[in-house]
Number of protein chains: 2
Amino acid sequence: MKIGELARQSGLSVHTIRYYERIGLLPYADRNRSSQRDYDASILVWITFLGRLKTVGMPIRDMLRYAALRERGVETEAERRLLLQQHRERVALHLAELQDCLLVLDTKIAGYAGSEPRMKDYDAPPPQRRRKPAGTRTARPR
Amino acid sequence: MKIGELARQSGLSVHTIRYYERIGLLPYADRNRSSQRDYDASILVWITFLGRLKTVGMPIRDMLRYAALRERGVETEAERRLLLQQHRERVALHLAELQDCLLVLDTKIAGYAGSEPRMKDYDAPPPQRRRKPAGTRTARPR
DNA sequence: TCTTGACTTAGAGCGCGCTCGAACCCCTAG
DNA sequence: CTAGGGGTTCGAGCGCGCTCTAAGTCAAGA
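Residues numbered from 1 in each chain as written. Chains lettered and ligands numbered in written order. Predicted model: local features only at pLDDT ≥ 70, side-chain atom pairs only at ≥ 80, totals over all residues. Heavy atoms only, no water.

(A) Structural context of the pattern of salt bridges. Under the criterion given, the structure shown has 14 salt bridges over all chains. Here R31 of chain B makes a salt bridge to E21 of chain B, at a shortest N to O gap of 3.0 Å. In this pair, R31 of chain B sits in the loop between α2 (14-23) and α3 (43-55) while E21 of chain B sits in helix α2, placing the two residues 10 residues apart along the sequence. Judged by its relative accessible area of 25%, R31 of chain B is partly exposed. Among the salt bridges present, the one from R90 of chain B reaches D62 of chain B, with a minimum N-O distance of 3.8 Å. A residue pair is termed long-range when its members are at least 10 positions apart, and R90 of chain B in helix α5 (residues 77-113) and D62 of chain B in helix α4 (residues 60-71) qualify at 28 residues. Owing to a relative accessible area of 43%, R90 of chain B belongs among the partly exposed residues under this scheme. Residue D62 of chain B is classed as buried on the basis of its relative accessible area, which comes to 11%. Ionic contacts of the salt-bridge type, sharing partners, join the residues E21, R31 and R37 of chain A into one network. (Salt bridge = Lys/Arg side-chain N within 4 Å of Asp/Glu carboxyl O. Helix = DSSP H or I, 4+ residues; strand = E, 2+ residues; numbered from the N terminus. Buried < 20%, exposed > 50% of the residue type's maximum accessible area, 1.4 Å probe, protein only.)

(B) Fine view of the packing of helix α5 (residues 77-113) of chain A against α3 of chain B. Interaxial distance between α5 of chain A and α3 of chain B falls to 9 Å at its minimum, and their mutual angle equals 125°. Relative to α3 of chain B, the element α5 of chain A lies oblique. The two elements α5 of chain A and α3 of chain B meet at a crossing, and its hand is left-handed. In this structure, α5 of chain A uses H94, E97, L98, C101, V104, L105 and K108 of chain A to contact α3 of chain B, whose residues at the interface are F49, R52, L53 and T55 of chain B. In the contact of α5 of chain A with α3 of chain B, the residues fall into 6 nonpolar, 2 polar and 3 charged. (Axes fitted to C-alpha atoms, helices over the stretch in contact; angles between N-to-C directions. Parallel < 35°, antiparallel > 145°, perpendicular 65-115°, else oblique. Left-handed = near helix turned anticlockwise from the far one by under 90°. Contact = heavy atoms within 4.5 Å. Nonpolar A, V, L, I, M, F, W, Y, C, P; charged D, E, K, R; others polar.)

(C) Just the protein's contact with DNA strand C, in detail. Lining the immediate environment of DNA strand C, one finds 22 residues, of which Y20 of chain A together with G4, R18, S35 and R37 of chain B sit closest. Among all atoms of DNA strand C positioned within 4 Å of the protein, those belonging to sugar or phosphate total 74%. Side-chain polar atom of Y20 of chain A to a phosphate oxygen of DNA strand C: 2.7 Å apart, as the coordinates give it. I60 of chain A is positioned such that a nitrogen or oxygen atom in its backbone is 3.4 Å from a phosphate oxygen of DNA strand C. Elements that contribute at least two residues to the surface near DNA strand C include exactly α2 (14-23) and α4 (60-71) of chain A together with α1 (3-10) and α2 of chain B. When residues in the surface near DNA strand C are grouped by element, the largest group, 5 residues, is from α2 of chain A. (Near = heavy atom within 4 Å. Polar contact = N/O pair within 3.5 Å; in protein donor to acceptor, adjacent residues only side chain to side chain.)

(D) The protein's contact with DNA strand D, seen in detail. Near DNA strand D there are 22 residues, and of these G4, R18 and R37 of chain A together with Y20 and S34 of chain B occur at the shortest range. Here DNA strand D approaches the protein such that, of its atoms within 4 Å, sugar and phosphate make up 70%. Contact between DNA strand D and R22 of chain B: a base oxygen at 3.4 Å from a side-chain N or O atom of the residue. Interatomic distance of 2.9 Å between a side-chain N/O atom of K54 of chain B and a phosphate oxygen of DNA strand D. Breaking the surface near DNA strand D down by element, the ones donating at least two residues are α1 (3-10) and α2 of chain A together with α2 and α4 of chain B. The dominant element in the surface near DNA strand D, judged by the number of residues it contributes, is α2 of chain B, at 5 residues. Within the surface near DNA strand D, the residues separate by chemical class into 5 nonpolar, 6 polar and 11 charged.

(E) Up close: the side chain of R37 of chain A. Residues and elements named next belong to chain A. Position of R37 relative to the elements: it lies in the loop between α2 and α3 (43-55). Relative accessible area serves as the criterion here: at 16%, R37 is assigned to the buried category. Excluding anything up to four places from it in sequence, R37 contacts M1, K2, I3, R18, E21, A29, D30 and R31.

(F) The side chain of E21 of chain B, seen in detail. Residues and elements named next belong to chain B. Take E21: its relative accessible area is 9%, and that puts it in the buried class. Polar contacts involving the side chain of E21 include one to the main-chain amide nitrogen of A29, which spans 3.4 Å. With residues up to four places along the chain from it excluded, the contact list for E21 reads L26, P27, Y28, A29, R31, R37 and Y39.

So yeah, pure geometry; function would need other evidence.
Right under this line is the structure:
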């Protein structure tokens, strides 16, 4: 499979695939005799997994650590597990925070919806006095 | 309240506060006679709200739209509600995705933990053939 | 009076994760 | 034979959200 095909199948752009290889997220791909990358379908499994790590917000530098461990084989499994677990915790925290905020947002949305009892907080006119008349960009000389 | 104090109380850095004012996320603050920003505590309410929008991943450009509407007063409430609702939907979707991925991660972690039955997929040696011998950076001349 | 430290501005720089451009190569169909 | 549509490399550029620097002002305490 050439890079364009892999792009179609993986959803990554050709540019991104090359970029990922460059930085080490994707293993160096064999080239055919015209120096074109020739992929095995199995790479899709790894790309899918990377996609999931990305979805859960793992930064590339951590994916790189994972990828490096993976290339070193079975002996690194414990370490890989740890890496995933640690990120898992971070995600769980973030998830909780997200849900909290979502609740607050919902309350606020509900407040906008009802015509009478409105949330006191954020809807008052700007708490600071008004913006300076436009064009008066802090005329203090230096 | 001067900017340093606001920074302490809000958790934003002084730099960030000034940046937010510059781009319009925070209303232009009054200056005292030495040109120093003088904040009213009520600004904290707005900053807190901004923080929540940030937590739920709203890009600054959307916060700006919201802030602009807010400065225009009560008549823009419907629009603001819409803005929040739309973002709410995006977040809800993201949340679901996140939870899915977390499940998959957990399965994988569990796979690493158990010594015998391991997930077939991602633990095989790299699906591509091995990385080129180090140092052989694509010697094809151009 | 002098020092310290918090403040001011304009503008440059940074880390992240891509994204694109230039200039070139190679294969295939018409 | 030629045109088109893939592919290749290196390296620059971009959008985001800050973050920092330089050079200066100002006010309070020793």
